[in-house]
Amino acid sequence: MNLVRTAMLLAFMTVLFMAVGYVIGGRGGMMIALVMAAGMNFFSYWNSDRMVLRMYRAQEVDERSAPEYYGIVRDLAQNAGLPMPRVYVIDSPQPNAFATGRNPQNAAVAASTGLLQSLSYEEVAGVMAHELAHIQYRDTLTMTLTATLAGAISMLGNFAFFFGGNRENNNPLGFIGVLIAMIVAPLAAMLVQMAISRTREYSADRRGAEICGNPLWLASALRKIAGAAHVIHNQDAERNPATAHMFIINPLSGERMDNLFSTHPNTENRVAALERMAGEMSVGSTPPARPDNAVRKSRSVPRTGWGRGGSEPPKGPWS
């Protein structure tokens, strides 16, 4: 996302915020909402990455505590020509990952324990390359700011339910305005999230495949993550649905189809695009090997174990 598109997005979300403020308290409520939105935009720009990482209780790791995972990110960042991001692990059985940060110099990537435990070495590389593509395209600023503002708009809509119908306030639209604030504003914020996610994922898939060198690594990973994401609940994501669009696969239960109300493109469509890309690159169709029997020839993949040495299957930095 470039600067102009980010500014347009923030302007639209700010207008939504002001509209709900108007419904709750008339012009005075609108002005209060404007001040709140301006303060939130400023605060989110500098702190939204820390807020999201804190929501998911992410723990930072380094080359000593998670040598293989950290090494994958380091070498892929070098392939992409990016500064080394901070590397985090989320203690969640659901396989998933996201990137955050206002720019490549202040970026972070996070993978769940479920992802590191259930995916092969090459599949993890494909996923992390996808997240680095978001950083390179500067999607992460837009993603984190949108998550923060969408959550705030939903919260303000709830306030409208409790305070907007009071005859003693300055609500100019009465009960109809309350319904608009409760339903339309959060829905509009959600549609913005969906539009952002559905367009950027294809671009990040393609660039991620270029970074790791094999589109089939990411294609295989997407199949596995999508198969598990709706069976294994992510409780933190369920409590913070405004952040769902940040993940590589929708972490919320119930997302099934590539329609207007899905935050991500259909997984099979993404896989098909990656397979076409593999054909264009003349990459073989053999699926990624498991890390305990793989012959690792890629320069983007280090040879050590997740933290237990190369002679044992990777178990992760938490074991």
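Rules of the game
- Residues numbered from 1 in each chain as written.
- Predicted model: local features only at pLDDT ≥ 70, side-chain atom pairs only at ≥ 80, totals over all residues.
- Heavy atoms only, no water.
- Helix = DSSP H or I, 4+ residues; strand = E, 2+ residues; numbered from the N terminus.
- Buried < 20%, exposed > 50% of the residue type's maximum accessible area, 1.4 Å probe, protein only.
- Contact = heavy atoms within 4.5 Å.
- Areas by Shrake-Rupley, 256 points an atom, 1.4 Å probe, with all protein chains shown as cover.
- Pairing = 2+ DSSP bridges.
- Axes fitted to C-alpha atoms, helices over the stretch in contact; angles between N-to-C directions.
- Core = buried A, V, L, I, M, F, W, Y, C linked by side-chain atoms within 4.5 Å.
- Expected span 1.5 Å × (residues − 1).
- Polar contact = N/O pair within 3.5 Å; in protein donor to acceptor, adjacent residues only side chain to side chain.
- Salt bridge = Lys/Arg side-chain N within 4 Å of Asp/Glu carboxyl O.
- UniProt positions renumbered as here; feature names shortened; annotations may be inferred.
- Phe/Tyr/Trp six-rings, centres within 6.5 Å; stacked < 30°, edge-to-face > 60°.
- Patch = residues over 30% accessible without salt bridge, like charges linked within 9 Å, V, L, I, M, F, W, Y side chains within 5 Å.

S.K.: For this particular structure, what's the right way to read the overall build of the protein chain?
M.R.: For the protein chain, the helix and strand inventory stands at nine helices and four strands. Shown N-terminal to C-terminal, the secondary structure of the protein chain runs as helices and strands in the order α-β-α-β-β-β-α-α-α-α-α-α-α. Sorting the 319 residues of the protein chain into buried and exposed places 55% on the buried side. Taking all contacts inside the protein chain whose residues are at least 6 apart in sequence as the whole, residues at least 24 apart take part in 71%. On the protein chain, roughly 14500 Å² of surface is accessible, and the fraction owed to carbon and sulfur atoms is 58%.

S.K.: What exactly am I supposed to notice about the pairing of strand 3 (residues 97–101) here?
M.R.: Two faces, one strand: in a regular strand the side chains alternate between the faces of the sheet. In terms of residue burial, strand 3 counts as a mostly covered element, since five of its five residues are buried. Across the two faces of strand 3 the burial is the same, with Ala97, Ala99 and Gly101 and Phe98 and Thr100 all buried. The pairing of strand 3 with strand 4 (residues 107–112) spans five bridges and is classified as antiparallel. For Ala97, the partnering residue across the bridge sits in strand 4 and is Ala111. Hairpin connection from strand 3 to strand 4: five residues lie between these consecutive antiparallel strands.

S.K.: Explain the sheet that holds strand 3 here, please?
M.R.: By definition, the strands of a sheet pair up through backbone hydrogen bonds, in either a parallel or an antiparallel sense. The strand order across the open sheet built from four strands is 1-2-4-3, with neighbouring strands paired in mixed fashion. Lying at the two open borders of the sheet, with one neighbouring strand each, are strand 1 (59–61) and strand 3. Pairwise comparison of adjacent strand axes, ignoring direction, gives a mean angle of 30° for this sheet. Strand direction decides the pairing type here: strand 2 (residues 86–90) and strand 4, joined by five bridges, are parallel. Within strand 4, the residue paired with Arg86 across the bridge is Ala108. Relative to the sheet, helix 2 (residues 67–80) contacts strand 1, strand 2 and strand 4, its axis offset from that of strand 2 by approximately 135°.

S.K.: Just to check I follow, could you spell out the nonpolar core for this structure?
M.R.: The nonpolar side chains of soluble globular proteins are, as a tendency, buried together. Counting 46 residues, the largest nonpolar core has Tyr69, Leu76, Val109, Leu115, Val127, Met128 and Leu132 as its most contacted members. The greatest single-element share of this core, amounting to nine residues, is contributed by helix 4 (residues 121–136). Residues within four places of Val109 in sequence aside, it is in contact with Tyr69, Val73, Pro85, Arg86, Val87, Tyr88, Phe98, Ala99, Met128, Glu131, Leu132 and Ile135. The next biggest cluster of nonpolar side chains, apart from the first, holds 15 residues, and it includes Val52, Tyr56, Ala58 and Ala108.

S.K.: Would you explain helix 7 (residues 215–229) in this entry?
M.R.: Three or four residues apart is the spacing at which side chains of an α-helix point the same way, because the helix has 3.6 residues per turn. In this model, helix 7 (15 residues) spans 21 Å end to end at C-alpha, consistent with the 21 Å of a helix rising 1.5 Å per residue. Of all 15 residues in helix 7, 12 are buried, a share of seventy percent or more. Among all positions of helix 7, only Pro215, Leu216, Trp217, Leu218, Ala219, Ser220, Ala221, Leu222, Ile225, Ala226, Ala228 and Ala229 are buried. Here helix 7 starts with a cap whose side-chain oxygen sits 2.9 Å from the backbone nitrogen of Leu216, and that cap is Asn214.

S.K.: What is the right way to read the pattern of salt bridges from this model?
M.R.: Between side chains of opposite charge, a pair can form as their charged atoms come close. Summed over all chains, the structure comprises 12 salt bridges. When the shortest N-O distance is used, the salt bridge between Asp49 and Arg86 registers 3.2 Å. In this pair, Asp49 sits in helix 1 (residues 3–55) while Arg86 sits in strand 2, placing the two residues 37 residues apart along the sequence. Given a relative accessible area of 5%, Asp49 falls into the buried group. Taking relative accessible area as the criterion, Arg86 reaches 27% and is therefore assigned partly exposed. Residue Arg57 pairs with Asp236 through a salt bridge whose shortest N-O separation is 3.1 Å.

S.K.: Explain the UniProt feature "active site" (unreviewed entry) in the protein chain to me, please; I cannot follow it from the model alone.
M.R.: Residues annotated in UniProt with the feature "active site" (unreviewed entry) correspond here to Glu131. Topologically, Glu131 is positioned in helix 4. Those residues within four positions of Glu131 in sequence are excluded, and the remaining contacts are Ala97, Phe98, Ala99, Val109 and Ile248.

S.K.: Could you clarify how one ought to interpret the packing of aromatic side chains in this entry?
M.R.: Summed over the entire model, instances satisfying the criterion amount to three aromatic pairs. Look at Tyr56 and Phe98: their rings are 5.8 Å apart centre to centre, the planes differ by 55°, and that puts the pair in the tilted class. One end of the pair, Tyr56, is in the loop between helix 1 and strand 1; the other, Phe98, is in strand 3, with 42 residues separating them in the sequence. Residue Tyr56 shares its accessibility class with Phe98, and that shared class is buried. Residues Phe98 and Phe247 carry aromatic rings whose centres are separated by 5.1 Å and whose planes lie at 70° to one another, so their mutual orientation is edge-to-face.

S.K.: For this particular structure, what's the right way to read a nonpolar patch on the surface?
M.R.: Taken together, the side chains of Phe42, Tyr45 and Trp46 define a hydrophobic patch exposed on the protein surface, amounting to about 340 Å² of accessible area. Exposure remark for Tyr45: the relative accessible area of 33% places this residue in the partly exposed category.

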